[in-house]
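Remarks on the overall topology
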Amino acid sequence: MFSKTTEYGIRAAIFVASESHQNKRSGLKDIAKKIDSPEAFTAKIMQILTKNKLIDSVKGVGGGFEIPTERLSQVKLSQIVNALEGDRVFRGCGLGLSNCSEEHPCPMHEKFKSIRNDLSNMLENTTLEELTLGLKTGDTFLRY
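Computed from a predicted structure; not experimentally measured. (Residues numbered from 1 in each chain as written. Predicted model: local features only at pLDDT ≥ 70, side-chain atom pairs only at ≥ 80, totals over all residues. Heavy atoms only, no water.)

1. Things to note about the packing of helix α1 (residues 4–21) against helix α2 (residues 28–35)
Defined as follows: Only the contacting stretch of a helix is used when fitting its axis, a line to C-alpha atoms as for every element, and angles between N-to-C directions run 0 to 180 degrees. For the purposes of this entry, the term helix denotes a DSSP run of H or I that reaches at least four residues, the term strand denotes a run of E that reaches at least two, and both are numbered from the N terminus. For any pair of crossing helices, the crossing counts as left-handed if the nearer helix is rotated counterclockwise from the farther one by less than a right angle, and right-handed if it is rotated clockwise. Residues count as neighbours in contact if any of their non-hydrogen atoms are within 4.5 Å of one another. The nonpolar class holds Ala, Val, Leu, Ile, Met, Phe, Trp, Tyr, Cys and Pro. Asp, Glu, Lys and Arg form the charged class, and all remaining residues, Gly among them, are polar.
Following both chains from N to C, one finds α1 and α2 inclined at 115°, their axes separated by 10 Å at the closest point. For the element pair α1 and α2, the recorded crossing hand is right-handed. Here α1 contributes Tyr-8, Arg-11, Ala-12, Phe-15 and Val-16 to the contact with α2, which in turn contributes Asp-30, Ile-31, Lys-34 and Ile-35. Residues belonging to the contact of α1 with α2 are distributed by class as follows: six nonpolar, no polar and three charged.

2. Considerations on the packing of helix α3 (residues 39–51) against helix α4 (residues 77–85)
Direction vectors running N to C along α3 and α4 enclose 115°, while the axes themselves pass 10 Å from each other. Handedness of the crossing formed by α3 with α4: right-handed. Across the interface between the two elements, Ile-45, Ile-48 and Leu-49 from α3 touch Ile-80, Ala-83 and Leu-84 from α4. Here the residues of the contact of α3 with α4 sort into six nonpolar, no polar and no charged.

3. Some points on the nonpolar core
Threshold: Only buried residues count toward a nonpolar core, which is a set of Ala, Val, Leu, Ile, Met, Phe, Trp, Tyr and Cys residues joined through side-chain atoms within 4.5 Å. Accessible area is worked out with a 1.4 Å probe on protein chains only. A residue is then buried under 20% of its type maximum, exposed over 50%, and partly exposed in between.
Within the largest apolar cluster, 29 residues are counted, with the highest numbers of intra-cluster contacts made by Ile-31, Met-46, Leu-49, Ile-55, Ile-80 and Leu-128. Listed by contribution, the elements that provide at least two residues to this core are α1, α2, α3, α4, α5 (88–91) and α6 (109–124). Here this core gets eight residues from one element, more than from any other, and that element is α1. Not counting residues up to four positions away in its chain, the partners in contact with Ile-80 are Gly-9, Ile-10, Ala-13, Leu-49, Leu-54, Val-75 and Leu-128.

4. Quick word on the state of the cysteines
Which entries qualify depends on this criterion: The term disulfide is used for any two cysteine sulfur atoms that are within 2.5 Å.
A complete count under the given rule lists zero disulfides for this structure. Cys-106 supplies the cysteine sulfur nearest to Cys-93, a cysteine that is in no disulfide, at a spacing of 3.7 Å. The thiol of Cys-100 is not disulfide-bonded; the next cysteine sulfur, from Cys-93, is found 3.8 Å away.

Below you can see the structure in the form of structure tokens.
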């Protein structure tokens, strides 16, 4: 459904949000380890999320990545997906055709349209704060 970049980006954002909830900053090595992602790849993802102002980067001793707690309820999954993939997930064809449209639909167009709309609604209505709650209680996890 999502690219590897987006999968790791969502995991990283959830991890940083979880740590930020505890007033901690996360270092790159720790993020990469906790989300089971290559460090160099994680660095590129974090750079994109920081550039898009979804995650803050603090340099120097005691630095790292964080999300101010007041913003945790404002950052939506749709913003992360859009920053890492653009709008392909929200507008793309289920078969990957470039010319699929209402006027020239692919064989899956109608069925995929409803799935895409449901996914879009879920991403628009899910915040990082929501997703950190399961980590705090131990009901969810980021790595097996």
